[in-house]
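Close look at the chain arrangement
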Amino acid sequence: MMIAYLDQRLRLAPGTDVDPCGDGGELDPDLEAASKDFGGVTRALPAVVRRPCSGDDVVEAIRLAWRYDHLTVAPRGNGHSVAGQALAPDGIVLNMRAMSRMELVRGDGGQLCADVGAGVLWGELLEWGVAEHGLSPASWTDYLGLTVGGTLSNAGISGQAFRKGPQISNVAELEVVTGEAERVVCSPERRSDLFYAALGGLGQFGVITRARIPLLPAPPLVRWIRVVYASFEVYAADVEWLVARPEREGFNYIEGFAFVNRGDDQASGWESVPIEPSSVFDPGLVPPSSGPLLYCLELGLYHDVHDGVDKRVEEMLRPLKYIRGLEFTTELSYVDFLSRVNLAESAARANGSWHAPHPWLNILISASDVVHFDRHVLQSVLKDGIGGPMLVYPLLRSKWDPQMSVALPDTEVFYLVALLRFNRPYPAGPPVENLMAQNREILTRCKSNGYDFKLYLPHYKTEAEWAHHFGKDWARFVERKARFDPRAILSPGQLIFTRAH
Ligand code: FAD
């Protein structure tokens, strides 16, 4: 039935009516939704959208693609890419959200794990794990409306990653359907070639249908702290010292962001720092010699109700050289802390910036270049802010297995710089072309200054750019593609390979 349907559909212009299809997954009538993403800059109408419910449905879709010379298959998580990575022009989009099963299991070593469908949102996993089992994954993203399969195809980074590694370092097992329509259960011990290829693999080697995520006891509470620095060098010295602390003496969550040294910018100025609505940012405490940007170190300490947390926090903050008086703190349940970005989402939906274009830029840059980057990019090109968060915080390469597909700078300590633009749509906000030009200017400076950097959530258009991105690992990436998806059917929106016959 599906083949007959697709034969008919591919003779029609994309976007015309869709009939429901019974076997092996329901057809989604909303082709329009699958033609765009959160970035709002790239659009491409697929021929068809399917909602697989099982690995067999994915196998069927891939086999179907073999029958047509040009047909590609893009698994779509929650469509939160920003440059068309989850689109399939005239191809099949697999809306993975129906793969939403969650089950508590014991892993091979006896550890409790969550076996989850790839379409589960991290927020759903958090709620289920904590409410039903008192258990939680170790590593998160800031925003939880992302799918397990989507972030495992990239990395999944937040303030836990310095210690626990990114989400791709916290997976015990995957089920993957390759471009050869082979359904494989893989792990570090079994079919490890496919396991590591798929992690950070940009959807190129297979469709992740299920992931086994190790769980830990969820702490009851989190002490959430923000402190402010006028100097990037002082901020960087403190935050790099903190991420190197042994676990028993350290914080559980460490991030940081740059913000504009002004009071008239609600989104990314002084007002963006206090956590509680009742706290006030006193600009009189900022040294008069400070530059256009200030820096906020953000910390979280997991703890129990009666464990002397005030004294511990005081001792842990004492060696830090932040501006005294500019510290902000609150206490939240673990679930509320991890869901903290929900408030920002509601505000962005209310002011129109959630649905505006998001030309975001995410860079991983070596710690040895980050002070220069601060001076010649942050304090220069971005001195007026970007209308949203400018995250800048360190990660440790030793927490990332080099067998995974993701490309990283060469040094042990590198920083995530995430420019998360939340502008209102033009003409209330700036034209998107200006923001994209600013991104290009930043990348030009990174290259001309010779920084050791990689794009996170990369988007390139030519093979030469991709080869440069992966560097010495490009040959491995190409070899993995030839082994697992030789027809180049999967995730065409990444623009890495061209569909082969
Ligand atoms: P999609 O955008 O739908 O897909 C991403 C890519 O993965 C596509 O190429 C797609 O084909 C492929 N893919 C999707 N599912 C599968 C699957 N099951 N198997 C194989 N390939 C698949 N990232 C962080 O690391 N940390 C953050 O804190 C963070 N916060 C964010 C906040 C917001 C508001 C947004 C919009 C994004 C954020 N991201 C963050 C980026 C996010 O990790 C990526 O957008 C990621 O792609 C996950 O989104 P998604 O599940 O919607 O996947």
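Right above here is the structure, for reference.
Residues numbered from 1 in each chain as written. Predicted model: local features only at pLDDT ≥ 70, side-chain atom pairs only at ≥ 80, totals over all residues. Heavy atoms only, no water.

So, on to unusual backbone geometry. Of note, the bond from Y426 into P427 is cis; its omega dihedral lies within 30 degrees of zero at 10 degrees. We note that D90 has phi near 60 degrees; this positive angle belongs to a residue other than glycine. On the basis of relative accessibility, which here comes to 35%, the residue D90 falls in the partly exposed class. Residues other than glycine seldom take positive phi values, yet R191 does so here, at roughly 50 degrees. With respect to the helices and strands, the residue R191 is situated in the loop between β9 (183-186) and α7 (192-198). (Buried < 20%, exposed > 50% of the residue type's maximum accessible area, 1.4 Å probe, protein only. Helix = DSSP H or I, 4+ residues; strand = E, 2+ residues; numbered from the N terminus.)

Once that is clear, we can look at the nonpolar core. Formed by 148 residues in total, the largest nonpolar core has its most connected members in L174 and I363. For L174, the residues in contact, after removing those within four places along its chain, are L152, V184, V185, C186, F195, A198, L199, I208, R210 and A211. Judged by nonpolar contacts, the second largest core, of six residues, contains A34, V49, A88 and V93. (Core = buried A, V, L, I, M, F, W, Y, C linked by side-chain atoms within 4.5 Å. Contact = heavy atoms within 4.5 Å.)

For the rest of this paragraph, the subject is the sheet that holds strand β18 (residues 413-419). What holds strands together in a sheet is hydrogen bonding between their backbones, with the strands either parallel or antiparallel. Strand order in this open sheet of eight strands is β15-β12-β14-β13-β17-β18-β16-β19, and the pairing throughout is antiparallel. A strand with exactly one partner marks an edge of an open sheet, and here the two such strands are β15 (327-333) and β19 (453-455). Adjacent strand axes in the sheet meet at a mean angle of 20 degrees, parallel and antiparallel pairs treated alike. Judged from the two bridges that link them, strand β13 (residues 253-260) and strand β17 (residues 390-396) form a sheet pairing that is antiparallel. Its bridge partner being in β17, A258 is matched across the sheet by M390. The sheet contacts of helix α9 (residues 309-317) involve β12 (221-229) and β14 (293-303), and relative to β14 the element is tilted by about 145 degrees. (Pairing = 2+ DSSP bridges. Axes fitted to C-alpha atoms, helices over the stretch in contact; angles between N-to-C directions.)

Inspection of the secondary structure puts A428 in the loop between β18 and α13 (432-448). On the basis of relative accessibility, which here comes to 55%, the residue A428 falls in the exposed class. With 32 residues separating them in the primary sequence, A428 and L396 have C-alpha atoms 40 Å apart.

Taking 1.5 Å per residue, 12 residues should reach 16 Å; helix α8 (residues 232-243) reaches 16 Å between its end C-alpha atoms and fits that length. The set of residues buried in α8 consists of F232, Y235, A236, D238, V239, L242 and V243. Residue S231 occupies the N-cap position of α8, its side-chain oxygen lying 3.2 Å from the main-chain nitrogen of E233. (Expected span 1.5 Å × (residues − 1). Polar contact = N/O pair within 3.5 Å; in protein donor to acceptor, adjacent residues only side chain to side chain.)

It is worth spelling out empty space enclosed by the protein at this point. Applying the stated criterion across every chain yields a total of two cavities of 30 Å³ or more. By volume, the largest cavity amounts to about 70 Å³. As for the largest cavity, its lining consists of 13 residues, and the residues nearest its centre are N154, G200, L202, V406 and P458. When the residues that make up the lining of the largest cavity are grouped by side-chain class, the tally is eight nonpolar, five polar and no charged. Put simply, the second largest cavity is a space of about 30 Å³. Along its surface, the second largest cavity is lined by S153, A198, G201, G203, Q204, F205, G206 and I208. (1 Å grid on protein atoms, 1.4 Å probe; cavity = no way out; pocket = protein on both sides within 12 Å on 5 of 7 lines; lining within 4 Å. Points joined across faces, edges and corners; volume = space filled by probe spheres on them. Nonpolar A, V, L, I, M, F, W, Y, C, P; charged D, E, K, R; others polar.)

This paragraph deals with the site of the ligand. Close to the ligand lie 34 residues, the nearest being P75, S81, D142, T147 and Y456. S491 places a side-chain nitrogen or oxygen 2.9 Å from an oxygen atom of the ligand. Among the elements of the structure, β3 (73-76), α5 (148-152) and β10 (206-214) are those that each provide at least two residues to the shell around the ligand. The residue makeup of the shell around the ligand, split by class, is 14 nonpolar, 18 polar and two charged. Residue contributions to the shell around the ligand reach at least three from each of two domains, namely domain 1 (2-97 + 484-494) and domain 2 (102-217). (Near = heavy atom within 4 Å. Domains from an automatic or database assignment.)

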